[in-house]
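# An overview of the molecular structure
Here is what each chain is made of, one letter per residue.
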Amino acid sequence: MKILEASKIYKSYGNKFNKQEVLKGVDLSIHQGEFISIMGPSGSGKTTLLNVLSSIDKLSNGSILINGQEMTKLKEKQLAEFRKAHLGFIFQEYNLLDTLTVKENILLPLTLSKTSRTVANHKFKEVAEELGIFELQDKYPNELSGGQKQRTSAARAFIHEPSIIFADEPTGALDSKSASDLLNKLSQLNQKRQATILMVTHDPVAASYCSRVIFIKDGLIFTQLNKGNETRQAFFKDIMRTQGVLGGIQHDQ
Amino acid sequence: MTSKQLLFRNLRKNLKNYSLYVFALIFSSALYFSFVTLQYDPSMDAAEGSIKGAAAIRTASILLIAIVAIFLLYANNLFIKRRSKEIGLLQLVGMNKGMIFRLLSAENFMLYFGSLLIGIFIGFSFSKLIILLLFKITGVESIATLRFSTEALLQTLIVFCMIYLLIMLINHLFIKRHTILALFRVTSSTEEQIKKVTFLEMMMGIIGLFLIVLGYYISSKLFGGDFTTITELFLAMVIILGSVIIGTYLFYKGSIRFIFHLIRKRKNGYLKVNEVVSLSSVMFRMKSNALLLTIITTVSALAIGLLSLSYISYYSAEKTAKDYVAADFSFTDEDQASTFTETLNENGIEFEERSTEVIQVEVDLSHISDGDIEGDLVEGTVLPVVSDTAIEHIDLSSGEVILSGYNDLLQNFIRLKDTGALELNNQKFTYLGLEDEFIVSGYFTSGGLPVAIVDEEVFTKFVTEANPDIQKPSNTFYGIDITNKNQLKEANHFFNEIMATSNGPHESQLNLSNNQKTNMGFMMFIVAFLGLTFLVTSGCILYFKQTGESEEEKPNYTVLRKLGFTQNDLLKGVQQKQLFNFGIPLLLGLFHSYFAVKSGWFLFGSELWTPMIVVMLLYTVLYSIFGLLSVNYYRKVIRDAL
Ligand SMILES: Nc1ncnc2c1ncn2[C@@H]1O[C@H](COP(=O)(O)OP(=O)(O)OP(=O)(O)O)[C@@H](O)[C@H]1O
Ligand SMILES: [Mg+2]
């Protein structure tokens, strides 16, 4: 089942006189249960693509269907409504509220959807245990390690069982051990809950956990790799190779 | 870019942040200038002559300087801390400290002296209004002429220049002392680390609440008869003050956090939408501002309290005068009374005259006094006695007695029961109760004791048995009431003319009430303006704190909006947060002043509620403006967060 279908999306910044086209007609579709990563050189428009797809930023042109709902037609308030029901977010700089405890942070999406307290508690227990942070529930973010923070962030993204989870360089600030920990958890959740994840990353290792890798360059999709039945190691090598080509082209310019 | 361009750019960029600072600066310099103008104005002599106004105005203007100086220094401190990163950056790109200091000083100079000039201009235009207001409140009749006073201008300039130099000095030290690295850390080090509530904080929280309640409790007992000597009374007041102020400090330091912690604990991690923004943020931030909030609360309470008391006194001037002077004009000497009535007749002013015979009799109040004050006050009391024929609607039989016209103030010290036995001249009478009416003037009642009313027969007997040692020089009260109250002013004019030369206790109710209005009006005027300045400056400081906080919390709003919080959700949370931020100090200040006023208001007048509520409402409304401004600022921050 297609969860997300984006066609011919354009995005430019600046005004009439000083315009910068960042996305130049990206087509993309995502099926339920996919774990996708987006890679590409710095400044190629990855974050922009993610923001546009997740309705945080406005499109200049094109259409985005999520769960059959046309996003570009929604008003500010409806978008907020949509985000809270259907989307989950994980970001590079943790994005936890420092005045809330781990549990309070994780429960935020349920607070918004006015889920009953008992159901909320039940869901919290489930997801927190899966991510191994149940014991930390009463701690404040500044008492956590980077990896723990990021797992908290992930728990918050998963708890309300959104249609898609968007993650922008979730492992960017983590050491390799915490990063692989997190990625293992993410792919576990992806398998177990059939959760759909779209992740931007610079790290080929992180990308190798995914089922599909999309490379973008200069605002267009350059190529895609499918993992298929390959092992993670083999997939990793493929990614490295493609990245080399991508980087090489960039240098030739 | 030349440094001049840089200067103007910076100024333009910062002007929006500074707008309220500029406003407060204009406001306070305007107020100061008009005060000093008042001080040097010849038309003030009229007011000064009767009420020692000059000293009061001078004291007020010194206090005004103190408030304004502290405010400006504090605000400057906030701003320079907020801009420390910018200062560090400028150093990083190669500007030296001297250049940066000059840049900052020049920027400040334009802002500061620009506002000062506007302030002086506004102050001058409003000083006539202010003096008119003063005359209106105090009832002083004088023409409000006003000239521009160079002395006032000079004094204002000198004072504000000194404050400016002080600010510059502090900025200089700030820039000199901080290394670039430290500059980048300044903002983050002022906010404390977010931690769990410790046991110590819980203790502080509980002790704080306890101390405040203790202070309130003692204050309610202050004039109830538990503290009888001056030393005890003084000690009690010191204890109240100490325990309330320390309690307030601990309240901000621990109680808020403790209470909010309990609330949050009960929620078990599941916060409501608006609590996400309000509860947790207030919980952590109030603690680091404990000292500031304590000062604001205490001074607000002081201002509200003083204002209420002087307004109570002003408001009850007429009633107090009525209690003390039992007719429009009262005499104790027949000749003086008749001189006055003749004048009234000549000028065609109608009046009613009554004379009442009063004798002083020893009384034993011990059977009807409520409470445990024994001793001189109750046993050896001398009360004025009149016959029931003097009062139309009262007719008593020989064994009965009624008391009438008991001063509110004294009632607080010796409370009387409704019925019981009363001994007059060592004879037992049945006491039938207390009437409100004041029958004779303060001269006979020693300033506020009730008058005993007995049967005519008993009264004649008392007259023959009267103890000459305790009688007043005069035994007759002459009361003159003007029939047409429109002529009262005219009559009073004659009274003042005739009685200016003759001495002896004779009184005009109008004079007494006007006198009190003048004194209290002046007091009110000064306290109100000081209070207003304090309100505006402290409101500004809270507002600045909030604008800083909103910038710091902007990333949080970004996250929340990404998660699907609407702007409205966040705004509701922010409104609730402002309700706490501004409401808690306000509410605490109101409570403090309420208990302070409640404990001793009867020393000042006879009406508690109306004047106090008027003052409190006014303060609340003005104060809320700053809360609304903060919400408005947050609205913009939230809108721009995504
Ligand atoms: N708010 C904005 N206003 C103007 N230009 C922007 C804005 N955000 C991004 N850009 C521009 O769009 C381009 C793409 O930015 P984007 O953040 O999407 O890159 P990215 O692929 O995420 O890079 P990185 O790997 O470094 O995070 C950049 O050239 C950037 O300058
Ligand atoms: Mg990016």
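Conventions used here
- Residues numbered from 1 in each chain as written.
- Chains lettered and ligands numbered in written order.
- Predicted model: local features only at pLDDT ≥ 70, side-chain atom pairs only at ≥ 80, totals over all residues.
- Heavy atoms only, no water.
- Near = heavy atom within 4 Å.
- Polar contact = N/O pair within 3.5 Å; in protein donor to acceptor, adjacent residues only side chain to side chain.
- Areas by Shrake-Rupley, 256 points an atom, 1.4 Å probe, with all protein chains shown as cover.
- Helix = DSSP H or I, 4+ residues; strand = E, 2+ residues; numbered from the N terminus.
- Nonpolar A, V, L, I, M, F, W, Y, C, P; charged D, E, K, R; others polar.
- 1 Å grid on protein atoms, 1.4 Å probe; cavity = no way out; pocket = protein on both sides within 12 Å on 5 of 7 lines; lining within 4 Å.
- Points joined across faces, edges and corners; volume = space filled by probe spheres on them.
- pLDDT = per-residue confidence, 0-100.
- Contact = heavy atoms within 4.5 Å.
- Core = buried A, V, L, I, M, F, W, Y, C linked by side-chain atoms within 4.5 Å.
- Buried < 20%, exposed > 50% of the residue type's maximum accessible area, 1.4 Å probe, protein only.
- Domains from an automatic or database assignment.
- Salt bridge = Lys/Arg side-chain N within 4 Å of Asp/Glu carboxyl O.
- Pairing = 2+ DSSP bridges.
- Buried area = accessible area lost by both parts, 1.4 Å probe.
- Axes fitted to C-alpha atoms, helices over the stretch in contact; angles between N-to-C directions.

### Considerations on the site of ligand 1
All names here are of chain A. Lining the immediate environment of ligand 1, one finds 13 residues, of which S42, K46, T47, T48 and H202 sit closest. Taking S42, its side chain carries an N or O atom lying 2.5 Å from an oxygen atom of ligand 1. For ligand 1, an oxygen atom lies 2.8 Å from a polar atom in the side chain of H202. Coverage of ligand 1 by the protein amounts to 60% of the 630 Å² it exposes when considered alone. Contributions of two or more residues to the shell around ligand 1 are made by β2 (19-31) and α1 (46-53). At 3 residues, α1 tops the list of elements feeding residues into the shell around ligand 1. Within the shell around ligand 1, the residues separate by chemical class into 3 nonpolar, 8 polar and 2 charged.

### Brief notes about empty space enclosed by the protein
Residue and element names in this part refer to chain B. This structure, assessed with the given rule, holds 5 cavities of 30 Å³ or more. Counted as a void, the largest cavity has a volume near 120 Å³. As for the largest cavity, its lining consists of Y18, Y21, N76, F79, I80, R83, I87, L104, E107, N108, L111 and N171. Looking at the lining of the largest cavity, the elements that each hand over two or more residues are α1 (3-40), α3 (53-82) and α5 (97-138). Sorting elements by how many residues they give to the lining of the largest cavity places α5 first, with 4 residues. Here the lining of the largest cavity is composed, by residue class, of 7 nonpolar, 3 polar and 2 charged. Empty space within the second largest cavity amounts to approximately 90 Å³. Considering the residues around the second largest cavity, the lining is formed by R285, M286, N289, L293, L542, K545, Q546, E549, N581 and F582. Secondary-structure elements contributing two or more residues to the lining of the second largest cavity are α10 (273-288), α19 (509-563) and α20 (567-600). Looking at the lining of the second largest cavity element by element, the count peaks at 4 residues for α19. In terms of residue class, the lining of the second largest cavity is built from 4 nonpolar, 3 polar and 3 charged.

### Considerations on the confidence of the model for chain A
The predicted coordinates ought not to be read in detail in places where the model reports low pLDDT. Here chain A averages 88 in pLDDT, and 97% of its residues register 70 or above. Note on residues 249-253 of chain A: pLDDT under 50 across the span, and 5 contacts to partners over four residues away in sequence or across chains.

### Some points on the nonpolar core
Y21, L72 and F544 of chain B are the most contacted members of the largest nonpolar core, which totals 136 residues. Here the element with the most residues in this core is α19 of chain B; it accounts for 19 residues. Shared between two domains, this core takes at least three residues from each, and those domains are domain 1 (1-190) and domain 2 (193-326 + 511-642) of chain B. The next biggest cluster of nonpolar side chains, apart from the first, holds 35 residues, and it includes L107, F124, V127 and L189 of chain A.

### Digging into the pattern of salt bridges
Applying the stated criterion across every chain yields a total of 30 salt bridges over all chains. One salt bridge connects E130 of chain A with R193 of chain A, and the closest N-O pair in it is separated by 3.6 Å. A residue pair is termed long-range when its members are at least 10 positions apart, and E130 of chain A in helix α4 (residues 117-130) and R193 of chain A in helix α6 (residues 176-193) qualify at 63 residues. Given a relative accessible area of 23%, R193 of chain A falls into the partly exposed group. Its salt-bridge partner being R285 of chain B, residue E552 of chain B comes within 2.9 Å of it at the nearest N-O pair. One end of the pair, E552 of chain B, is in helix α19; the other, R285 of chain B, is in helix α10, with 267 residues separating them in the sequence. The class for E552 of chain B is partly exposed, based on a relative accessible area of 38%. By relative accessible area, which is 13% here, R285 of chain B ends up buried. Among the charged side chains, a salt-bridge network with shared partners connects R285, E549, E552, E553 and K577 of chain B.

### What about the sheet that holds strand β11 (residues 476-482) of chain B?
Residues and elements named next belong to chain B. An order of β2-β11-β1-β12 is seen for the 4 strands of this open sheet, with the pairing classed as antiparallel. Two strands lie at the open edges of the sheet, namely β2 (351-357) and β12 (507-508), each paired on one side alone. With 7 bridges connecting them, β2 and β11 associate as antiparallel partners. When the bridges of β11 are listed, R354 appears paired with G479.

### Overview of the domain arrangement of chain B
All names here are of chain B. According to the domain assignment, chain B consists of domain 1 (1-190), domain 2 (193-326 + 511-642) and domain 3 (327-510). Measuring from the centre of the C-alpha atoms in domain 2 to the corresponding centre in domain 3 gives 45 Å. Contacts between the two partners involve 15 residues from domain 2 and, on the opposite side, 23 residues from domain 3. Interface of domain 2 and domain 3: buried area, both sides summed, is about 1700 Å²; carbon and sulfur atoms make up 52% of it. Here domain 2 is connected to domain 3 by 0 salt bridges. Our enumeration of links across domain 2 and domain 3 arrives at 15 residue pairs in polar contact (both at pLDDT 80 or more). For the side of domain 2 that touches domain 3, the secondary structure elements donating two or more residues are α12 (317-324) and α19. The biggest single contributor to the side of domain 2 that touches domain 3 is α12, with 5 residues. Classifying every residue of the side of domain 2 that touches domain 3 gives 8 nonpolar, 4 polar and 3 charged.

### So, the sheet that holds strand β8 (residues 196-200) of chain A
Residue and element names in this part refer to chain A. The 6 strands are arranged β6-β7-β8-β3-β9-β10 in an open sheet whose pairing can be described as mixed. Single-partner strands in this sheet number two, and they are β6 (87-90) and β10 (220-226). Each neighbouring strand pair of the sheet contributes to a mean axis angle of 20 degrees, computed without reference to strand direction. Taken together, the 6 bridges between strand β9 (residues 212-217) and β10 define a ladder with antiparallel strand orientation. Residue pairing across strands places F215 opposite T223, the latter belonging to β10. Packing of helix α5 (residues 146-158) onto the sheet brings it into contact with β6, β7 (164-168) and β8, and relative to β6 it is tilted by some 175 degrees.

### Here we look at the environment of S308 of chain B
Residues and elements named next belong to chain B. Inspection of the secondary structure assignment puts S308 in helix α11 (residues 290-315). Take S308: its relative accessible area is 0%, and that puts it in the buried class. Spatially, the C-alpha atom of S308 lies 30 Å from that of L73, the residues being 235 residues apart in sequence. Contact partners of S308, with chain neighbours within four places excluded, come to V597, M612 and V615.

### Some remarks on the interface of chain A and chain B
Listed by partner, the interface residues are 34 residues for chain A and 31 residues for chain B. When chain A packs against chain B, the two sides together hide about 2900 Å² of surface, and 57% of this comes from carbon and sulfur. Here chain A is connected to chain B by 2 salt bridges. Ionic pairing is found between E76 of chain A and R561 of chain B, a salt bridge with its closest N-O pair at 3.0 Å. Where chain A packs against chain B, one counts 10 residue pairs in polar contact (both at pLDDT 80 or more).

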